[in-house]
Amino acid sequence: MFPVAFDELAMAEDCARLGHAGIAAFAELGREIDRLGGLPRERLLACEAEGRDGTRLPGCVKTYVPWPAGRFGAVMVAVSHLERPVGLRVIAFGVRHHPRGAQALTVYQIAHLRLNA
């Protein structure tokens, strides 16, 4: 089990761009993390170091909301933790993939911008 914290400023920005379904999914993730005390390893997937869309997310992990193949996702980075070997911090939450031609950013593009700015 990995403890999870949220980057509050980033999450406020992400929630401002989400619709009702996205906010509900974000709340669901928060309740699940609270209930479980973090996220289990089997819920974490490695992000591609270099994505087909030009994103660079080496060392990041992701989870889908709702699990296992939900429309939304959270991208996380490893952080130090006082009681465990490592914790995770959610740096982006949003839609995993938009229809072709959509102008909105995916959660992976948002995470890329935050990590590589």
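The rules behind each value
Within each chain, residue numbers correspond to sequence positions counted from 1 in written order. Totals for whole chains, interfaces and linings use all residues, but because this is a predicted model, local features are given only for residues with pLDDT of at least 70 and pairs of side-chain atoms are given and counted only at 80 or more. Hydrogens are left out, water is left out, and the side-chain values use all remaining heavy atoms of the structure. Categorising residues by exposure relies on relative accessible area from a 1.4 Å probe, with only protein chains included: less than 20% of the type maximum marks a residue as buried, more than 50% marks it as exposed, and the intermediate range marks it as partly exposed. Only DSSP runs of H or I with at least four residues qualify as helices, and only runs of E with at least two residues qualify as strands; both kinds are numbered from the N terminus onward. In this analysis, strands are considered paired if DSSP registers two or more bridges between them. Whenever a nitrogen or oxygen atom comes within 3.5 Å of another N or O atom, the pair is scored as a polar contact, on the condition that within protein one atom can donate a hydrogen and the other can accept it, and that pairs from neighbouring residues in sequence are kept only if both atoms are in side chains.

**Student:** Honestly, the pairing of strand 4 (residues 72-79) in this entry has me stumped. Any pointers?
**Tutor:** Two faces belong to every sheet, and in a regular strand the side chains alternate between them. Counting buried positions along strand 4 yields six of eight residues, so the element is predominantly enclosed. Both strand 3 (residues 61-65) and strand 4 contribute to a ladder of five bridges, which runs antiparallel. For Val61, the partnering residue across the bridge sits in strand 4 and is Met76. Hairpin connection between strand 3 and strand 4: a loop of six residues separates the two successive antiparallel strands. For strand 4 and strand 5 (residues 87-95), the ladder comprises eight bridges, and the chain directions are antiparallel. Note that in strand 5 the partner of Ala78 across the bridge is Leu88.

**Student:** Is there a simple way to explain the side chain of Glu32 in this structure?
**Tutor:** For Glu32, the position within the fold is in helix 2 (residues 20-36). There is a polar contact of 2.7 Å between the side chain of Glu32 and the side chain of Arg43.

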